[in-house]
Amino acid sequence: MLVAMLRRAERPLDSLGLAAFRVLFGLLTLTSTVRFLAAGWVERVFVTPTYFFPFYGFSWVEVLPPWGMYTVFGLMAVASICVTLGLFYRHAIVLFFVLFTYVELIDVTNYLNHYYLVSLLAFLLCFMPLGESYSLDAWRKGRPSRLTYPAWMTWLLRFQVSVVYIYAAVAKTGTDWLEHGQPM
């Protein structure tokens, strides 16, 4: 049974689905980053406050001066564009993961479960060669676009998204959500 499962995990699937995931992930993170800048949230959340509440074990993560925080968000936007286009994909996704996770670790009061999911997905994408399919990297290197990826890559991303949403659904079965409409 295990051998059959491993064989199915290595079965090639069309690369279009993962390429679309890469593009949508890049567009979503770009939109979020630009929105954060345009709404003045960098100023309000990272520049103006004088005290930050660190995550347990991450008290060493400190906010940068204003120009540094704006640079971090600018680099996240550039990395998101590169992920979307599949341009220097491996470097871009690693840079995005590090910067996004850094921003999230600065202050626990900014925590959102969807931000945690973005960090987890970006981490997983660091280990997937999604820049080889329908990307500027493939074109730039003069290689044909990769047509297949092993099934386990799609399974892993589906599993990670499913875990987050299943646990969120279970958490919402409590009386706070069902009876009191909290924390609305």
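Computed from a predicted structure; not experimentally measured.

**Student:** Can you walk me through the environment of Val-164 in this structure?
**Tutor:** Along the chain, Val-164 falls in helix H8 (residues 151-171). Separated by 51 residues in sequence, Val-164 and Asn-113 place their C-alpha atoms 8.1 Å apart.

**Student:** Would you mind going over the environment of Val-78 with me for this structure?
**Tutor:** By the element assignment, Val-78 lies in helix H4 (residues 66-85). For the pair Val-78 and Val-103, spaced 25 residues apart in sequence, the C-alpha to C-alpha distance is 16 Å.

**Student:** In this structure, what is going on with H4? I would like to understand it.
**Tutor:** Because the α-helix completes a turn every 3.6 residues, residues three or four places apart line up on one side. With 20 residues, H4 should cover 28 Å at 1.5 Å per step; its first-to-last C-alpha distance of 29 Å lies within 8% of that length. Buried positions along H4 lie against helix H2 (16-38), helix H3 (41-47) and helix H5 (89-106). Downstream of H4 by one or two residues, Gly-86 has phi in the positive range, about 70°.

**Student:** What am I meant to see in the packing of aromatic side chains here?
**Tutor:** The relation between two aromatic rings is expressed through the spacing of the ring centres and the mutual angle of the planes. Enumeration over the complete set of coordinates arrives at 13 aromatic pairs. The interplanar angle of 70° and the centroid separation of 6.5 Å between the aromatic rings of Phe-55 and Tyr-111 together place this pair among those described as edge-to-face. Here Phe-55, found in the loop between H3 and H4, pairs with Tyr-111, found in the loop between H5 and helix H6 (113-125); they are 56 residues apart in sequence, far enough to count as distant. The rings of Phe-21, Phe-25, Phe-96, Phe-100 and Tyr-115 are connected pair by pair, giving a single aromatic cluster.

Calculation notes
- Residues numbered from 1 in each chain as written.
- Predicted model: local features only at pLDDT ≥ 70, side-chain atom pairs only at ≥ 80, totals over all residues.
- Heavy atoms only, no water.
- Helix = DSSP H or I, 4+ residues; strand = E, 2+ residues; numbered from the N terminus.
- Expected span 1.5 Å × (residues − 1).
- Contact = heavy atoms within 4.5 Å.
- Phe/Tyr/Trp six-rings, centres within 6.5 Å; stacked < 30°, edge-to-face > 60°.

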